[in-house]
Amino acid sequence: MVEVSVTNHDLLEQIYTIDSNKLQVDLNFERSHSGSTFLSRQYVSYPFHLGRTLNHLTPTGATAILQSCSGGLFEHERIGIKIHACSNTTAHIGNAAATIVHTMGNGYAFSSAHIEAESDAYLEYIPNLTILFPAARLVSEIEVVLHPGSIVVISDGYLSHDPDFSDSAFGFLDVKLTVYDEKRSLLVRDHFNIEGCIWNRKLSGLSGSFTAHGNIFVLAKDNDIKKLKYHLDNLITQIFNSCLRVDIGIGILPNRAGIVVRILSDGSALLRYVLSEVLKVLHQQIGNQIEVVLSS
Amino acid sequence: MPNIANLLICLQQADSFFPSGAMAFSWGLESLVKDNIVTDIDSFQDFLEAQILYRWSSFDRGIISIAFKAGNSMEQLASINSFVEAMASPPLLQEGSRRLGRALVEVYVKLGLEAAKQIQLHLARSSSFIHLAVVQGYLWPSLGMDESECHAVSAHTAYTSIVSAAVRLGVIGHLDAQRCLSRMRYLLEKVLLSPVPNLNDLSCSTLMVDIATLRPYEQGSRFFAN
């Protein structure tokens, strides 16, 4: 009999075989005695730079902005990011500008992120859009470990960009999100991949005539997300009814592990707009929850 | 010389006359028809290609192969099923897959297939459900079908049910339906001869379909279950 033990272990091996020596970013957020979140460990190497921690979500939360000084992702480049949020912390990680994935020969660029939120932590990982130049090939993996009561918000956005208007397409895009609980049981798996030449065919059912797409995942095991879903439903209906160049949907994730909002848009500006509106509602709705976390 | 006995077994499972329940599902087509995105044979052909390449081939086919190799292990079957369950597909599509999985098990139980009875017992004990591709990969070998036959029959039932939905929605006529099936056959042959994706590579990339079935503002009544 062939071994097909698939629950978690095959997938988990990938998480924990990310070589910590090859990480470019390794961040750890802790809670101080006063209740505020601070960056207790930061290792950042080329191509990244990390500015000083700011307060963005709440006066006691921590916001870290990762900046890249390399001008984007290049062929054969491998980027590794690890973010850990200790119990009862509140943190936001973003970056300063869009990431360009440059034109490549036959190779790929790889990006991996491992995110772990301990119990009752609130962590946002909201990078700017990724812009795919002609023949760019990107493989991106994000792995999340959710502990009881924690919330992790992740967004992604991709734009197919053809600067010469030559009907050129990106080469390949492969985007994977895997979410586990604290016992390393698989909760959610999302895996999208497509060749640029197929994207450019504008197939009904795949991308149609849209040029950008993105997602927001609100990963929240053991949290009540019904109210949040209700408010997001209303927002999404408003956006859909007022804008013909956006298609947008929302769904509960498997194993009741949160919510996903999926967006297709005509251009990056609309995608950014929708992502920011969703985040606004999210902050309004879970603001109280953040305060509860911080004051507990 | 083809194995005539196996060919007849495959034809029986792939026949739309077989009571699998697949005809109640449009796999997102109905929503895209309502949106005027799928309006004619060309746009429908695109939709069909997207479904076969970026859902069936990239995901279901791999699940069938893994289930095929599970032997008689209910534990492994449950593992495969939990992986399918964790995929962030739209709830309507997930529910369709579960309902068809359960329906297929029930039909084979009534037909007296021992392996189906085992699954039914397991589902009753664990209060769980099972997805269509898992059932296909697990049960069809017990009828004597090999792995490639399981793939071919699964693909055929998937795309004929979508084509049938298109006819019933008035997008294409009966002759156009046959033209679509003929065109798909060439594409499908290439797919079936290509390597089966492994577990870590399984993906679903039908963005537009997913969004269409994730709308909170879906208007009017539906003809199909998804």
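Residues numbered from 1 in each chain as written. Chains lettered and ligands numbered in written order. Predicted model: local features only at pLDDT ≥ 70, side-chain atom pairs only at ≥ 80, totals over all residues. Heavy atoms only, no water.

1. Things to note about the side chain of A:R137
Residue and element names in this part refer to chain A. With respect to the helices and strands, R137 occurs in strand β11 (residues 137-146). Salt bridges are absent for the buried R137, whose nearest opposite-charge side chain, E75, sits at 5.5 Å. Here the side chain of R137 touches G105 through a polar contact of 2.5 Å, landing on its backbone oxygen. (Helix = DSSP H or I, 4+ residues; strand = E, 2+ residues; numbered from the N terminus. Buried < 20%, exposed > 50% of the residue type's maximum accessible area, 1.4 Å probe, protein only. Lys, Arg positive; Asp, Glu negative; His and termini not counted. Salt bridge = Lys/Arg side-chain N within 4 Å of Asp/Glu carboxyl O. Polar contact = N/O pair within 3.5 Å; in protein donor to acceptor, adjacent residues only side chain to side chain.)

2. What to know about the environment of B:P91
Positionally, B:P91 belongs in helix α5 (residues 91-110). What makes B:P91 partly exposed here is its relative accessible area of 39%. For the pair B:P91 and B:L214, spaced 123 residues apart in the sequence, the C-alpha separation amounts to 7.8 Å. Filtering out sequence-adjacent residues up to four positions away, B:P91 remains in contact with A:I252 and B:L214. (Contact = heavy atoms within 4.5 Å.)

3. Description of empty space enclosed by the protein
A water-sized probe, rolled over the atoms, reveals where empty space remains. On inspection of all chains with the given rule, the structure shows 4 cavities of 30 Å³ or more. Roughly 150 Å³ of volume is contained in the largest cavity. Taken together, the elements giving at least two residues each to the lining of the largest cavity come down to β12 (151-160), β14 (186-195) and β15 (212-219) of chain A together with α10 (207-212) of chain B. Broken down by element, the residue count for the lining of the largest cavity peaks at 4 residues, all from β14(A). Of the residues in the lining of the largest cavity, the class split is 7 nonpolar, 6 polar and 5 charged. What the second largest cavity holds in volume is close to 80 Å³. What lines the second largest cavity is A:S140, A:I142, A:I154, A:D156, A:Y158, A:V175, A:K176, A:L177, A:D190 and A:F217. Looking at the lining of the second largest cavity, the elements that each hand over two or more residues are β11, β12 and β13 (172-181) of chain A. Among the residues making up the lining of the second largest cavity, the classes are represented as 6 nonpolar, 1 polar and 3 charged. (1 Å grid on protein atoms, 1.4 Å probe; cavity = no way out; pocket = protein on both sides within 12 Å on 5 of 7 lines; lining within 4 Å. Points joined across faces, edges and corners; volume = space filled by probe spheres on them. Nonpolar A, V, L, I, M, F, W, Y, C, P; charged D, E, K, R; others polar.)

4. A word on the sheet that holds strand β1 (residues 25-31) of chain A
Residues and elements named next belong to chain A. Within the open sheet, the 7 strands sit side by side as β2-β1-β5-β8-β11-β13-β14. Their pairing is mixed. Each edge of the open sheet is held by one strand with a lone partner, namely β2 (37-44) and β14. Strand-to-strand, the axes of this sheet are offset by a mean angle of 10°, without reference to chain direction. Of the pairings in the sheet, the one linking β1 to strand β5 (residues 78-85) comprises 5 bridges and is parallel in character. For V25, the partnering residue across the bridge sits in β5 and is I81. (Pairing = 2+ DSSP bridges. Axes fitted to C-alpha atoms, helices over the stretch in contact; angles between N-to-C directions.)

5. Observations regarding the pairing of strand β4 (residues 62-68) of chain A
Residues and elements named next belong to chain A. One ladder, built from 3 bridges, connects strand β3 (residues 48-50) with β4; its direction is antiparallel. Paired with L50 across the strands is L66, a residue of β4. In this structure, β4 lies alongside strand β6 (residues 90-95), joined through 5 bridges in parallel fashion. When the sheet's bridge partners are listed, I65 is paired in β6 with G94.

6. What to know about the packing of aromatic side chains
Aromatic ring pairs are reported here in terms of the distance separating the ring centres and the angle at which the planes meet. Tallied over the entire structure, the rule returns 6 aromatic pairs over all chains. Taking 6.2 Å as the distance between ring centres and 40° as the angle between the ring planes, the aromatic pair formed by A:Y108 and A:F110 counts as tilted. Since its relative accessible area comes to 27%, A:F110 is described here as partly exposed. When the ring of B:F25 is compared with that of B:W27, the centres are 5.6 Å apart and the planes differ by 25°; the resulting orientation is stacked. We note that B:F25, like B:W27, is buried. The structure contains a cluster of three or more aromatic residues connected by ring pairs, namely A:Y108, A:F110 and A:F172. Against the face of A:F110 rests A:R78, its NZ or CZ located 4.1 Å from the ring centre. (Phe/Tyr/Trp six-rings, centres within 6.5 Å; stacked < 30°, edge-to-face > 60°. Lys NZ or Arg CZ within 6 Å of the ring centre and 35° of its normal.)

7. Observations regarding the interface of chain B and chain A
On the chain A side, the residues contacting the 40 residues of chain B number 47 residues. For the pair chain B and chain A, the summed buried surface comes to about 3700 Å²; carbon and sulfur atoms form 62% of the total. One salt bridge in this structure joins A:D247 and B:R215, with 3.1 Å as the shortest N-O distance. Counting every contact that joins chain B to chain A gives 15 residue pairs in polar contact (both at pLDDT 80 or more). Elements supplying a minimum of two residues to the side of chain B that touches chain A: α3 (41-68), α4 (74-86) and α10 of chain B. (Buried area = accessible area lost by both parts, 1.4 Å probe.)

8. A short note on the pattern of salt bridges
By the definition in use, this model includes 14 salt bridges over all chains. Measuring nitrogen to oxygen at the nearest pair gives 3.8 Å for the salt bridge that ties B:E147 to B:K69. Note that B:E147 is positioned in helix α8 (residues 147-168) and B:K69 in the loop between α3 and α4, a separation of 78 residues in sequence. Across the pair B:R98 and B:E85 runs a salt bridge whose closest N-O atoms are separated by 2.6 Å. A residue pair is termed long-range when its members are at least 10 positions apart, and B:R98 in helix α5 and B:E85 in helix α4 qualify at 13 residues. Accessibility classification places B:R98 together with B:E85 in one group, the buried group. A cluster of three or more residues bridged by salt bridges with shared partners is formed by A:D247, B:D35 and B:R215.

9. Considerations on the nonpolar core
Within the largest apolar cluster, 135 residues are counted, with the highest numbers of intra-cluster contacts made by A:V144, B:F44 and B:I172. Looking at this core element by element, the count peaks at 13 residues for α3(B). Counting 35 residues, the second-largest nonpolar core is a separate cluster that includes A:V153, A:I225, A:I259 and A:I286. (Core = buried A, V, L, I, M, F, W, Y, C linked by side-chain atoms within 4.5 Å.)

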